[in-house]
Amino acid sequence: MSKRALVVAGVIVILALYLFSTYNGLVSSEESVKNAWAQVENVYQRRFDLIPNLVETVKGYAAHERETFTEVTEARAKAGSIQLSPDMLADPQKFAQFQESQARLGSALGRLLLIVERYPELKANQNFLELQSQLEGTENRISVERRRFNDVALEYNTRIRRFPTNLIARVFGFQPKVYFQAERGAEKAPKVKF
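Residues numbered from 1 in each chain as written. Predicted model: local features only at pLDDT ≥ 70, side-chain atom pairs only at ≥ 80, totals over all residues. Heavy atoms only, no water.

Caption draft 1: Fine view of the overall build of the chain. Along the backbone of the chain there are six helices and zero strands. In the chain, 79% of the contacts between residues at least 6 apart in sequence involve partners at least 24 apart. Approximately 12500 Å² of the chain is accessible, and the part contributed by carbon and sulfur atoms is 54%. (Helix = DSSP H or I, 4+ residues; strand = E, 2+ residues; numbered from the N terminus. Contact = heavy atoms within 4.5 Å. Areas by Shrake-Rupley, 256 points an atom, 1.4 Å probe, with all protein chains shown as cover.)

Caption draft 2: Expanded view of the nonpolar core. Residues Trp37, Leu89, Phe95, Phe149 and Phe180 are the most contacted members of the largest nonpolar core, which totals 22 residues. Ignoring anything within four residues of it in the chain, the contact list for Phe95 reads Trp37, Leu84, Leu89, Phe149, Val178, Tyr179 and Phe180. Membership of the second largest hydrophobic core comes to 18 residues, among which are Ile51, Phe69, Val72 and Ala75. (Core = buried A, V, L, I, M, F, W, Y, C linked by side-chain atoms within 4.5 Å. Buried < 20%, exposed > 50% of the residue type's maximum accessible area, 1.4 Å probe, protein only.)

Caption draft 3: Fine view of the pattern of salt bridges. One pass over the structure, following the stated rule, counts six salt bridges. Here Lys177 makes a salt bridge to Glu30, at a shortest N to O gap of 3.2 Å. In this pair, Lys177 sits in the segment after α6 (165-171) while Glu30 sits in helix α1 (residues 3-61), placing the two residues 147 residues apart along the sequence. Residue Lys177 is classed as buried on the basis of its relative accessible area, which comes to 8%. (Salt bridge = Lys/Arg side-chain N within 4 Å of Asp/Glu carboxyl O.)

Caption draft 4: Summary view of the packing of helix α3 (residues 92-116) against helix α5 (residues 126-161). It is at 13 Å that the axes of α3 and α5 come closest, and there the two elements cross at 155 degrees. As summarised for this structure, α3 and α5 are arranged roughly antiparallel, according to the angle between their axes. Viewed along their axes, α3 and α5 form a crossing whose handedness is left-handed. Contacts from Phe95, Gln99, Leu109, Leu113 and Val116 in α3 reach Phe128, Gln132, Leu135, Glu139, Arg146 and Phe149 in α5. Looking at the contact of α3 with α5 residue by residue, the classes come out as seven nonpolar, two polar and two charged. (Axes fitted to C-alpha atoms, helices over the stretch in contact; angles between N-to-C directions. Parallel < 35°, antiparallel > 145°, perpendicular 65-115°, else oblique. Left-handed = near helix turned anticlockwise from the far one by under 90°. Nonpolar A, V, L, I, M, F, W, Y, C, P; charged D, E, K, R; others polar.)

Caption draft 5: Here's a closer look at the packing of aromatic side chains. Scanning all chains against the criterion turns up ten aromatic pairs. With centroids separated by 5.5 Å and ring planes inclined at 65 degrees, the aromatic side chains of Trp37 and Phe149 adopt a geometry described as edge-to-face. Of the two residues, Trp37 sits in helix α1 while Phe149 sits in helix α5, which places them 112 residues apart along the sequence. Overall, the relative accessible area of 0% leaves Phe149 in the buried class. On the numbers, 5.7 Å between centres and 75 degrees between planes, the contact of Phe149 with Phe180 is edge-to-face. On the criterion of sequence distance, the pair formed by Phe149 in helix α5 and Phe180 in the segment after α6 is long-range, its members being 31 residues apart. (Phe/Tyr/Trp six-rings, centres within 6.5 Å; stacked < 30°, edge-to-face > 60°.)

Caption draft 6: Unusual backbone geometry, seen in detail. The linkage connecting Phe163 with the following residue, Pro164, adopts the cis geometry, with an omega of 0 degrees. Here Pro164 lies in the loop between α5 and α6.

Caption draft 7: Quick peek at α3. Here α3 is 25 residues long and its end C-alpha atoms lie 36 Å apart, about the 36 Å a rise of 1.5 Å per residue gives. Turning to α3, its buried residues number three or more, namely Phe95, Phe98, Gln99, Ser101, Gln102, Ala103, Leu105, Ala108, Leu109, Leu112, Ile115 and Val116. Where α3 begins, the side chain of Asp91 points an oxygen toward the backbone nitrogen of Gln93, at a separation of 3.1 Å. (Expected span 1.5 Å × (residues − 1). Polar contact = N/O pair within 3.5 Å; in protein donor to acceptor, adjacent residues only side chain to side chain.)

Caption draft 8: Representation of the side chain of Arg146. Looking at where Arg146 falls in the secondary structure, it is placed in helix α5. Looking at Arg146, its side chain comes within polar contact range of the side chain of Tyr44, at 3.0 Å.

Written out as structure tokens, the structure is:
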């Protein structure tokens, strides 16, 4: 074998190793995005599971607030009906639908907690206090996991756009992932009235 053939073979081996390494790195990055998404779903599920207990506890004290209970129940059902698999994270429309259903649920929960302010005996109830604490903790977890998801999605999206990795990503069909964004109206501070 000539020197030229050895050089060509060496270049091919180096390119193949680069291709394998880059592809495997993209797969790892995409799996990190999927894992981060699974954590977001996990904390949404936790909130989803707490809601019936919270509603039932408040119902015992505020039976005439049916409209709010119905709204919370419907928002929960809507949020539960929209499933966003890790493969759909590249679809901005489906992601927006999912995010909107979760925002509606959060808003309905906020109204439910406002009702509680009218019932001092409910605010003192140990079961309610524990549920409220768990729900507040869950909302914080949702925020943390959304931020982590956005961080991992940013890393992945940046990686698939960089040259020459973008060429390999395009060939193998790696798509950018959608980010969580602030809800509409979040830029306005809520008004507090006493």
